[in-house]
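One letter stands for each residue in the lines below.
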Amino acid sequence: MKGKSSPENIITFLGTGGARFTIISQVLASGGLWLNLDGTEILLDPGPGCIVQSTKRKLRGAKLSGIILSHRHLDHSADVNVMVEAMTQGGFKRRGWLFAPADALESEPVIFSYLKDCLEGIEVLQEGKSYSIGNVSFTTPIRHIHPVETYGMVFTTAEHTFSYIADSRYFDGLCQSYGGELLIINVVFEKPRPPIDHLSVPDAKRIITELKPKAAILTHFGMTMWRAKPWEIAERLSEETGIRVIAARDGMRFDLSQLNV
Ligand SMILES: [Zn+2]
């Protein structure tokens, strides 16, 4: 429940699938996170289907102030071009910012060159830097261990701070880089699969135990997570950590005012 005068702070999970097999089967939808924070709308990691999932939910690309890519992998970036067209009203209105790591923009860019001119600008994400879009600021505290250049973010609004822990192998320093009342964690695997640079349930438990947020949301599920029933895993993690852990659902809207109680 939001107060009469306080602006909306809603995170919409356009999809909860992550990694190849959930994406190509669409067992779970994909498309990223739509943030509406104090009136500023930001799209995070527009994976395949973002345009479908967002329009279906009456989320309007023309209202976006920016699009952020944590990294260039397809499940995070496939719909970036069409979402730039949506943000710029078909390319006719020069507006909005794109934020992405350098390797998403350089030798094999994920964004078509003809669309770059439709944007107000492009900012390159770098370790330890701060950025702002409208009423929101965010930092990219540390480069993750993942096959391509990848960053998570700590978002700060007038009333809230929350972290998005994007794809990574677990490493010393990951935890210390993040914080806030809410953690959104991309948990691809149920169990660790060491050669592959993704977080698993034990990693998520370690992060939640260490950072003690008010709540944690698990998302970006691979097939092993999906088969293990993420909502049951979340319930078990809540019991084990004493922290409210939620498994995201396709289309779930999370109101940050829930964190005020
Ligand atoms: Zn990835």
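In the block above lies the structure referred to throughout.
Predicted model, so just to flag it, every value in this text is computed and none were measured.

Asker: Teacher, can you tell me more about unusual backbone geometry here?
Answerer: Backbone geometry follows two general trends: most residues other than glycine have a negative phi, and most peptide bonds adopt the trans configuration. Here Asp45, not a glycine, exhibits a phi torsion of approximately 55 degrees, which is positive. Accessibility expressed as a relative area gives 2% for Asp45, which makes it buried. Residues other than glycine seldom take positive phi values, yet Gln89 does so here, at roughly 50 degrees. Inspection of the secondary structure puts Gln89 in the loop between helix H4 (80-87) and strand S5 (97-101).

Asker: Can you walk me through the layout of surface pockets in this structure?
Answerer: The gaps left among the atoms become clear once a water-sized probe is rolled over them. Approximately 530 Å³ is the volume attributed to the largest pocket. Ala19, Arg20, Phe21, Asp75 and His198 are, among the 22 residues lining the largest pocket, the residues nearest its centre. Among the secondary structure elements, those contributing two or more residues to the lining of the largest pocket are helix H1 (19-25), helix H3 (74-77), strand S11 (182-189) and helix H8 (223-227). Broken down by element, the lining of the largest pocket gets its largest block of residues, 6 residues, from H1. Classifying every residue of the lining of the largest pocket gives 10 nonpolar, 7 polar and 5 charged.

Asker: Before we go on, may I ask you to explain the pairing of strand S10 (residues 161-165) in this structure?
Answerer: A regular strand places its side chains on the two faces of the sheet in alternate fashion. Where burial is concerned, most of S10 is hidden: 4 out of the 5 residues are buried. Bridging between strand S9 (residues 153-156) and S10 involves 4 bridges; their strand directions are antiparallel. Along S10, the bridge assignment pairs Thr156 with Thr161. Where S10 and S11 come together, 4 bridges link them in parallel fashion. Note that in S11 the partner of Ile165 across the bridge is Ile185.

Asker: Just checking my understanding: could you explain the coordination of the zinc ion for this structure?
Answerer: Protein coordination of the zinc ion is provided by His71 (NE2), His73 (ND1), His146 (NE2) and Asp167 (OD), with donor distances spanning 2.2 to 2.5 Å. One way to put it: the 4 donor atoms around the zinc ion meet at angles of 88 to 175 degrees, and that makes the site irregular. Considered as a linear motif, the donors of the zinc ion on their single chain read H-x1-H-x72-H-x20-D. Highlighted residues: His73 in the loop between strand S4 (64-68) and H3 and His146 in the loop between strand S8 (136-140) and S9, separated in sequence by 73 residues. For His73, a relative accessible area of 24% translates into the label partly exposed.

Asker: Teacher, can you tell me more about the state of the cysteines here?
Answerer: Each disulfide consists of a covalent bond between the sulfur atoms of two cysteine residues. Scanning the model with the defined rule gives 0 disulfides in all. Free cysteine Cys118: the closest other cysteine sulfur is in Cys50, separated by 17 Å. With relative accessibility at 10%, the residue Cys118 sits in the buried group.

Asker: So what exactly am I meant to see when it comes to helix H9 (residues 230-241) here?
Answerer: The periodicity of an α-helix, 3.6 residues per turn, causes residues three or four positions apart to be oriented the same way. The terminal C-alpha atoms of H9 lie 16 Å apart, and with 12 residues this matches the ideal 16 Å at 1.5 Å per residue to within 8%. Where the residues of H9 are buried, they touch helix H7 (201-211), strand S13 (215-219), H8 and strand S14 (244-247). Just beyond H9, the residue with positive phi is Gly242, at close to 75 degrees.

Cut-off values and rules
Residues numbered from 1 in each chain as written. Predicted model: local features only at pLDDT ≥ 70, side-chain atom pairs only at ≥ 80, totals over all residues. Heavy atoms only, no water. Buried < 20%, exposed > 50% of the residue type's maximum accessible area, 1.4 Å probe, protein only. Helix = DSSP H or I, 4+ residues; strand = E, 2+ residues; numbered from the N terminus. 1 Å grid on protein atoms, 1.4 Å probe; cavity = no way out; pocket = protein on both sides within 12 Å on 5 of 7 lines; lining within 4 Å. Points joined across faces, edges and corners; volume = space filled by probe spheres on them. Nonpolar A, V, L, I, M, F, W, Y, C, P; charged D, E, K, R; others polar. Pairing = 2+ DSSP bridges. Donors = N, O, S within 2.8 Å, 3.2 Å for Na, K, Ca; no water. Tetrahedral: all angles 85-135°; square planar, octahedral: opposite > 155°, others 65-115°. Disulfide = S-S within 2.5 Å. Expected span 1.5 Å × (residues − 1). Contact = heavy atoms within 4.5 Å.

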